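# Results of the structural survey
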2 protein chains.
Amino acid sequence: MDSLRLGWESSPVSEPLQTDEQVATPPGRARRRRARRGEGPALREEILQAAERLLIETGDQEAVSIRAVAQAVGVTPPSIYLHFADKNDLVFAVCERAFARFDAVQEEAAAQSDDPLESLMLRGRAYVRFGLENPEQYRILFMTRPSGTPHSWTPETIAGIAAFWHLVEAVQRCMDAGALTQGDPVVYAIGCWSSVHGITSLLLSHPQFPWPEHEELIDHILLAPIEGLRPKG
Amino acid sequence: MDSLRLGWESSPVSEPLQTDEQVATPPGRARRRRARRGEGPALREEILQAAERLLIETGDQEAVSIRAVAQAVGVTPPSIYLHFADKNDLVFAVCERAFARFDAVQEEAAAQSDDPLESLMLRGRAYVRFGLENPEQYRILFMTRPSGTPHSWTPETIAGIAAFWHLVEAVQRCMDAGALTQGDPVVYAIGCWSSVHGITSLLLSHPQFPWPEHEELIDHILLAPIEGLRPKG
DNA sequence: TGTACATCAGTGAACGCGCGTTCACTGATGTAC
DNA sequence: TGTACATCAGTGAACGCGCGTTCACTGATGTAC
């Protein structure tokens, strides 16, 4: 009689015991080694990278689900919750990283010239380039509804604000050098920001529009407002 | 014995027969009269209006689901398919209407002045105002991923292009009047578009940012590029 | 005027899907004795 | 060196949800005779 053994939900003796190594990995999912004691944060890092990779590869913010990220890392969905409070928290962390790189890229570009006005132009070009090269990250940072992203948005905005204050400083330097007429640097900076964000997001959201050649167009857009703010003469 | 009657899923005789009129309307759903023979298109119109109303009231594009629209109209989900091929088709139709109003609003504003430059400014202000007053429609038109909206996007873009070509004409008129330096009116127009779209979408996606006063800011942004393109002297 | 029938706007129930999240659990790793 | 135990990273199964879409149907409206 097998009745007693059948209590153990049908595990026939004929089927060999599978060791962890021999188990066939489910399709599309790489088996992971369990982390060592001190290596907790390692998975957190992997999750963040996987989330960003998914964002880039699928080109779709919706594709970044807890389940998809877990699968990409080779882990089960509940594992994510060991490292992030919830989905918002994960998206939030992805944004923070993107914002940091976004700011860094502009600072680096701006540092390539000592001339304040040329530096401002370089900053603008770097801004647009970042947006076009990282469309999904750019979307998350500047094109999504505020409530659609983490409600603890404030500190994240602060990270984004870093890039903005750097822009304000750059505008101020232009004024100090007499390259722009005196005025409220914050208002001027928002003007610059509007231009670069405007063209970046239009190019992203309407790629099939019959745009003129990008480089030339972008230069015109960067120059026009600057020309308008230059001292006459 | 009740066994025979119980075959009819428990409808006790004590419960009176409900006529169509007496039926309690399900919560949040208004009972509709069935349309007469020739009145097919009436529901289509109601569906479109309900979809747009949902968009506005919830302030969330995701909230516009086939089911939600059906409920808002007071109809069952499959009914929608009598009037629209699928969800894309419905969203598409909503966009078309919004684009039409968007263009109309700008044309009307621009017609308020005979001076080409002033007319251009009025057009710009109308653009921003439309965006701020119709944030969800604006989002759908200019801030969402192309594939996220109907794949038969091309004709819709044409509707959107109407507003754009009107802008190009307005720029051309300024050049003809000597109010702007000669140049490619398309590039100039895209420059204007970038500015107004930039500030509109930034205000929409980061409402909690410490913006300066709107009116003044918008005027600065409209003026700066125009100043840059004015004949010197 | 009365009746049988065709039309077709709209229904009710179900399909399969992927989602975020929870819960009790497992089992390898490290530690105390 | 050996053994019992605590820790805790990660699992497996399930929850309830809302989604777009389909299908066979109902029944009021209009029409032909």
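Throughout, residues of each chain are indexed from 1 in the direction in which the sequence is written. Each chain gets a letter, beginning with A, and each ligand a number, beginning with 1, in the order they are written. In keeping with the model being predicted, local features are shown solely for residues with a pLDDT of at least 70 and side-chain atom pairs are shown and tallied solely at 80 or more, while totals for entire chains, interfaces and linings include all residues. For the side-chain quantities, the full set of heavy atoms in the structure was used; hydrogens and water were omitted.

### A word on the relation of the copies chain A and chain B
Where we set the bar: Here the copies are matched by least squares. The fit uses the C-alpha atoms of residues with pLDDT of at least 70 in both. Here a residue-residue contact requires only that any non-hydrogen atoms of the pair lie within 4.5 Å.
For the match of chain A to chain B, the screw axis carries a shift of 0.0 Å, the RMSD comes to 0.0 Å, and the turn is 180 degrees. Between the two chains, the operation in question is that of a two-fold axis. Same-surface contact between copies: 100% of interface residues of chain A are shared with the interface of chain B.

### Observations concerning helix H10 (residues 214-228) of chain A
Worth spelling out the cut-off: Strands are runs of DSSP state E lasting at least two residues, helices are runs of H or I lasting at least four, and both sets are numbered from the N terminus onward. To estimate the expected span of a helix, subtract one from its residue number and multiply by 1.5 Å. The buried label applies to any residue whose accessible area, calculated with a 1.4 Å probe on protein chains only, is under 20% of its type's maximum; exposed applies above 50%, and partly exposed to all values in between.
In a regular helix each residue adds 1.5 Å, so 15 residues correspond to 21 Å; H10 of chain A covers 22 Å between its end C-alpha atoms and thus fits that length. By the burial criterion, the buried members of H10 of chain A are Leu217, Ile218, His220, Ile221, Leu222, Ala224, Pro225, Ile226 and Gly228 of chain A. Contact partners of the buried residues in H10 of chain A: helix H6 (116-133) and helix H9 (185-205) of chain A together with helix H9 (185-205) and helix H10 (214-228) of chain B.

### Quick look at the domain arrangement of chain A
Interface size is commonly expressed as the accessible surface area that is lost when the partners come together. Residues and elements named next belong to chain A. Keep this limit in mind: For the domains described, the bounds stem from an automatic or database domain assignment. Once two parts are put together, the accessible area they lose, assessed with a 1.4 Å probe and summed over both, is termed the buried area. Here a salt bridge means any side-chain nitrogen of Lys or Arg lying within 4 Å of a carboxyl oxygen belonging to Asp or Glu.
Here chain A is described as being made up of domain 1 (18-85) and domain 2 (97-229). Here domain 1 packs against domain 2, burying approximately 700 Å² in sum over the two surfaces, 47% of which is carbon and sulfur. On the domain 1 side of the contact with domain 2, Glu52, Leu55 and Gln61 bury the most area, a combined 66% of that side's loss. Inspection of the domain 1/domain 2 interface yields 2 salt bridges. Arg101 serves as the salt-bridge partner of Glu52, at 2.5 Å between the closest nitrogen and oxygen.

### Concerning the nonpolar core
Worth spelling out the cut-off: Buried residues of nine kinds, namely Ala, Val, Leu, Ile, Met, Phe, Trp, Tyr and Cys, make up a nonpolar core once their side-chain atoms join them within 4.5 Å.
Formed by 130 residues in total, the largest nonpolar core has its most connected members in Val69 and Trp193 of chain A together with Val69, Leu90 and Trp193 of chain B. Those residues in contact with Val69 of chain A that sit more than four places away from it in its chain are Ile47, Ala50, Ala51, Leu54, Val64, Ile80 and Leu90 of chain A.

### Digging into the interface of chain A and chain B
Rule in force here: Under the convention adopted here, Pro, Cys and the residues Ala, Val, Leu, Ile, Met, Phe, Trp and Tyr are nonpolar, Asp, Glu, Lys and Arg are charged, and Gly plus all remaining residues are polar.
The interface of chain A with chain B comprises 46 residues on the first partner and 46 residues on the second. At the boundary of chain A with chain B, total buried surface from both sides reaches about 3700 Å², with 68% on carbon and sulfur atoms. When residues of the side of chain A that touches chain B are assigned to their parent elements, the largest contribution, 15 residues, is made by H9 of chain A. Its residues assigned to classes, the side of chain A that touches chain B comprises 24 nonpolar, 15 polar and 7 charged.

### Describing the packing of H9 of chain A against H9 of chain B
Which entries qualify depends on this criterion: Lines are fitted to the C-alpha atoms to define the axes, a helix being fitted only along its stretch in contact, and any angle between axes, read from their N-to-C directions, falls within 0 to 180 degrees. If an angle is under 35 degrees, it is roughly parallel; if it is over 145, roughly antiparallel; if it lies from 65 to 115, roughly perpendicular; otherwise it is oblique.
Between H9 of chain A and H9 of chain B, the shortest axis-to-axis distance is 7 Å and the interhelical angle comes to 100 degrees. With respect to each other, H9 of chain A and H9 of chain B are oriented roughly perpendicular. Between H9 of chain A and H9 of chain B, the contacting residues are Ile190, Trp193, Ser194, Ser195, His197, Gly198, Ile199, Ser201 and Leu202 of chain A on the first element and Ile190, Trp193, Ser194, Ser195, His197, Gly198, Ile199, Ser201 and Leu202 of chain B on the second. Here the contact of H9 of chain A with H9 of chain B is built from residues that sort into 8 nonpolar, 10 polar and no charged.

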